[in-house]
Amino acid sequence: MDCNQTVVCGKIIKLGVLRYTPAGVAIIDFTIKHVSRQIEADIARQVLCEIFSVALGPAAMTISELKTDTVVKASGFLNRKNRLSQQLVLHVNHIVQI
């Protein structure tokens, strides 16, 4: 199955330090806080969540130049935090400041 795409807008509330994998690929961890109103079953609903995120390569370099409280639109895919965890993490492939 190839359908695993996520797009979310929100504010960066935590920003890790840019680091590098043993292969020399840039990597950064960060958290996006999302707040919106969505319609579910014809009823308006307040949505509040914090999304743990990671980016590698050029996206990591872009994110490392941002500051906390920056509002962004991020797109990528979901995966487990690691092979022993069921916690989801957004792997960001593309991010823009909005």
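Draft legend 1. Structural context of the pairing of strand S4 (residues 43-56). Across 14 bridges, strand S3 (residues 26-40) lies against S4 in antiparallel orientation. Paired with Ile39 across the two strands is Ala44, which belongs to S4. A loop of 2 residues connects S3 with S4, the two strands running antiparallel in sequence, and Ala41 in this loop sits at a positive phi of about 55°. In this sheet, strand S6 (residues 88-97) lies alongside S4 in parallel orientation, the contact comprising 3 bridges.

Draft legend 2. Expanded view of the side chain of Thr70. Position of Thr70 among the secondary structure elements: in the loop between helix H1 (57-64) and strand S5 (71-80). In contact with Thr70, other than residues within four places in its own chain, are Gly10, Lys11, Ile12 and Gln97.

Draft legend 3. The environment of Asp29, seen in detail. Of note, Asp29 is situated in strand S3. Counting along the chain gives 15 residues from Asp29 to Lys14, while the straight-line C-alpha distance between them is 8.3 Å. Asp29 has contacts with Leu15, Gly16, Arg19, Ser53 and Val54, leaving out every residue within four places of it along the chain.

Calculation criteria
Residues numbered from 1 in each chain as written. Predicted model: local features only at pLDDT ≥ 70, side-chain atom pairs only at ≥ 80, totals over all residues. Heavy atoms only, no water. Pairing = 2+ DSSP bridges. Helix = DSSP H or I, 4+ residues; strand = E, 2+ residues; numbered from the N terminus. Contact = heavy atoms within 4.5 Å.

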